[in-house]
Amino acid sequence: VQLQASGGGLVQAGGSLRLSCAASGRTFSSYAMGWFRQAPGKEREFVAAISGSGGSTYYTDSVKGRFTISRDNAKNTVYLQMNSLKPEDTAVYYCAAGRLLEIATMPPYWGQGTQVTVSS
């Protein structure tokens, strides 16, 4: 599966952005999808994940209540709605695909990153 992330940009603290990740292939709904981020000088970290059906979602604690992951299997696309953004959310955001058991740790498929910059 090939993944293409988009939607990053520059936003002021407290603002919102929606990231999108379009996937190729006809088996999109069979994959769990996830978002990760990597800030300068830091390791890549898990942000959010969603099951293939969209019925289950998972978040890292720092984004709970602010970020929402969703998917549209008819459009082969997963989204990350980011609200109440903080400067510490600044990072390159990556989408990923894999089995549900591995989506938060070592998913095998990765898209290119999209830069999110939150100014204070």
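Refer to the preceding data block for the structure.
S.K.: Would you mind going over the pairing of strand β5 (residues 45–50) with me for this structure?
M.R.: In regular strands, side chains alternate between the two faces of the sheet. Across the six residues that make up β5, a large majority, five, are buried. Bridge count for strand β4 (residues 32–38) against β5 is five bridges, and the pairing is antiparallel. Bridging across to β5, R37 finds its partner in E45. Linking β4 back to β5 in an antiparallel pair, the connection comprises six residues, with G41 at a positive phi of about 75°. Between β5 and strand β6 (residues 57–59), which pair antiparallel and follow one another directly, the connecting turn spans six residues, one of which, G54, has a positive phi of 85°.

S.K.: What exactly am I supposed to notice about unusual backbone geometry here?
M.R.: One can expect most non-glycine residues to show negative phi and most peptide bonds to be in trans. Positive phi values are uncommon outside glycine, yet N76 reaches one of about 55°. If you trace the backbone, N76 turns up in the loop between β7 (67–72) and β8 (77–82).

S.K.: Help me out: how do you make sense of the state of the cysteines in this one?
M.R.: Chemically, a disulfide is nothing more than a covalent bond linking the sulfur atoms of two cysteines. Under the definition given, this model contains one disulfide. Between the sulfur of C21 and that of C95 lies a disulfide, 2.1 Å long from S to S. On the sign convention where negative is left-handed, the bridge of C21 and C95, at about 55° about the S-S bond, is right-handed. With C21 in strand β3 (residues 17–23) and C95 in strand β9 (residues 91–98), the pair connects residues that are 74 residues apart, well separated along the chain. Both residues of the pair, C21 and C95, count as buried.

S.K.: Honestly, the side chain of D89 in this entry has me stumped. Any pointers?
M.R.: With respect to the helices and strands, the residue D89 is situated in the loop between β8 and β9. Here D89 falls in the buried class, since its relative accessible area comes to 1%. A distance of 2.9 Å separates polar atoms of two side chains, one belonging to D89 and the other to R37. Setting aside chain neighbours within four positions, we find D89 in contact with R37, R66, F67, S84, V116 and V118.

S.K.: I tried to follow the nonpolar core on my own but got confused; where do I start?
M.R.: Across soluble globular proteins, nonpolar side chains show a tendency to be buried alongside one another. Judged by nonpolar contacts, the single largest core of 28 residues is most densely connected at M33, W35, L80, M82 and Y93. Among residues more than four places away in sequence, those in contact with Y93 are L19, W35, F36, R37, V47, F67, L80, M82, Q112, G113, T114 and V116. Membership of the second largest hydrophobic core comes to six residues, among which are A32, F46, A49 and I103.

Definitions and cut-offs
Residues numbered from 1 in each chain as written. Predicted model: local features only at pLDDT ≥ 70, side-chain atom pairs only at ≥ 80, totals over all residues. Heavy atoms only, no water. Buried < 20%, exposed > 50% of the residue type's maximum accessible area, 1.4 Å probe, protein only. Helix = DSSP H or I, 4+ residues; strand = E, 2+ residues; numbered from the N terminus. Pairing = 2+ DSSP bridges. Disulfide = S-S within 2.5 Å. Polar contact = N/O pair within 3.5 Å; in protein donor to acceptor, adjacent residues only side chain to side chain. Contact = heavy atoms within 4.5 Å. Core = buried A, V, L, I, M, F, W, Y, C linked by side-chain atoms within 4.5 Å.

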